[in-house]
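Chain residues, written in single-letter form:
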Amino acid sequence: MSTTDKVEKPMTAQGRPRGSYRAPVPVTSSPRLISQSATGRLNRTRLLQILYDVGPLSRAELARLAEVTKTTIGSIVQPMLDEGILVEGVPQPSSGQGGKPARPIWFSPSGRPIVAVHVGPGTVRAALVSPTGIVLTHSDGAFSSTNASHEQIVDRVADCIERVLPGSDGPHALGIGVAVSGMVDTDHGRIIEVNLAPRLSGLELGPLLSQRLSLPVHLDLHPRVQALGDRWFGSGRRVSTFASVYCGEAIGAGFVIDGAVHRGASGAGGEVGHTIVDLAGAICRCGRRGCWETIATHRWLRSQAAALGLPGAGQLTAASLSRLAEQDRPDAVELLDKYARNLAVGLVNIQQTLAPGFFILHGDIVQGGEPFRLLIEKHFRQGIAPRPGSEPQLRFASPDDDITLLGAAGLVLSQSLDLLT
Ligand SMILES: [Zn+2]
């Protein structure tokens, strides 16, 4: 599963090469017995999830929440304490029944930081993130999405990362998490295709960055990384099943199901923008006909606005269209409603298929504000088959959040846990 190359590299304390590309460990597969190492990683991931959900906890509290013994918690926690990912805090007075004062366990503020990267069509953003989920510093870069060579793109991404890496006297970064706005092969750390940036197609970004920077690299689809960010650090905290959907210049989704991010074979899942919603529809950038992206992205919105003669049609966004609609322009009001309906169509299909019940919406549409969210919700509710019980919820993410970068850090943290023995 790993594409470890033969170059000699510094080794981790556990004897693995530091600079190897590591494929994310599949969380869903056909039924089989779980190996001891996989159980260990799963238990550690779940324990981290409890900590992110609740905050600092003693061993006894962790044991109660995880429904296991304190001894089991000790065996799960110890390697992470040894590695400096977790630390024990100042002893707290015990609960009046005597016994040793409890020491709350939390992420080490001086623990090894994580490099988080988001590669979009022509853009790269890198950040250094603390294990507690704080963005310490970030840097931005750009590359030509139509002319740059693979080598030039790797140079730009690596430059961006190097600007945030701690100096030689600082702590060694734990690894690099990369979110890619395009189709990915997570087994090989390869970008398969980015419709909006053809030069990224076929780029083996994971192994190349790993060789260049001598750090483990974990690469995944942007909306899926965003879902992990939502789960650990955003509106998906304490929510076991939800969909995290990105809508703007493209559409994609990440699914958290029963507490785990669903990936699909080699990371093929989440391409909801290319589910077909109109057999007689327009040709999509992917070459197929009538994908959801053909009726609910900027490209569609701007062509509709141009046909109506709306001002600023070529740069129209959910925010500027909402402003035009607020001025009671009937054509803008109608287009905004159509945009909301077309967005709702795909969300309805997701709800009918997976029934996540809770949607966290990201991307440009969030800038449309609460009136736009209500419009989408109205069409969404009209579109789903009625069922007794609670109504599915649609929520807009915070417009300026760092959720994708935090998710990329979470990717490194969760995927690094199987290095521990
Ligand atoms: Zn398509």
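Because the structure is a prediction, the values reported are computed rather than measured.

## Side note on the side chain of D220
So, point 1. Here D220 lies in strand β9 (residues 217–221).
So, point 2. A relative accessible area of 1% places D220 in the buried class.
So, point 3. At 2.7 Å, the side chain of D220 forms a polar contact with the side chain of R224.

## A look at the sheet that holds strand β12 (residues 260–262)
So, point 1. Spatially, the five strands line up as an open sheet ordered β12-β11-β10-β13-β14, and their pairing is mixed. The open sheet is flanked by β12 and β14 (393–396), the only strands paired with a single partner. Neighbour-to-neighbour, the strand axes of this sheet turn through a mean angle of 25°, independent of strand direction.
So, point 2. With six bridges connecting them, strand β10 (residues 242–247) and strand β11 (residues 251–257) associate as antiparallel partners. Within the sheet, the bridge partner assigned to S244 lies in β11 and is G254.
So, point 3. Seen against the sheet, helix α11 (residues 369–383) touches β13 (358–362) and β14 and runs at an angle of roughly 155° to β14.

## Comments concerning the coordination of the zinc ion
So, point 1. Around the zinc ion, the protein contributes the donor atoms H274 (ND1), C284 (SG), C286 (SG) and C291 (SG), at 2.0 to 2.3 Å from the metal centre.
So, point 2. One way to put it: the four donor atoms around the zinc ion meet at angles of 106 to 119°, and that makes the site tetrahedral.
So, point 3. On the primary sequence, the residues serving as donors to the zinc ion are separated as H-x9-C-x1-C-x4-C.
So, point 4. On the accessibility criterion, C284 (6% relative accessible area) is buried.

## Structural notes on the pattern of salt bridges
So, point 1. Summed over all chains, the structure comprises 14 salt bridges.
So, point 2. Here D140 and R125 are joined by a salt bridge, their closest N and O atoms 2.8 Å apart. Pair noted here: D140 is in strand β5 (residues 135–142) and R125 is in strand β4 (residues 123–129), with a separation of 15 residues, a long-range link.
So, point 3. Note on D140: relative accessible area 43%, which makes it partly exposed.
So, point 4. Where R224 meets D220, a salt bridge forms, and the shortest distance between an N and an O atom there is 2.7 Å. The same class applies to R224 and to D220, which are both buried.
So, point 5. Several salt bridges converge on common partners, so that one network encompasses E370, R373, E377, R381 and E391.

About the criteria used
Residues numbered from 1 in each chain as written. Predicted model: local features only at pLDDT ≥ 70, side-chain atom pairs only at ≥ 80, totals over all residues. Heavy atoms only, no water. Helix = DSSP H or I, 4+ residues; strand = E, 2+ residues; numbered from the N terminus. Buried < 20%, exposed > 50% of the residue type's maximum accessible area, 1.4 Å probe, protein only. Polar contact = N/O pair within 3.5 Å; in protein donor to acceptor, adjacent residues only side chain to side chain. Pairing = 2+ DSSP bridges. Axes fitted to C-alpha atoms, helices over the stretch in contact; angles between N-to-C directions. Contact = heavy atoms within 4.5 Å. Donors = N, O, S within 2.8 Å, 3.2 Å for Na, K, Ca; no water. Tetrahedral: all angles 85-135°; square planar, octahedral: opposite > 155°, others 65-115°. Salt bridge = Lys/Arg side-chain N within 4 Å of Asp/Glu carboxyl O.

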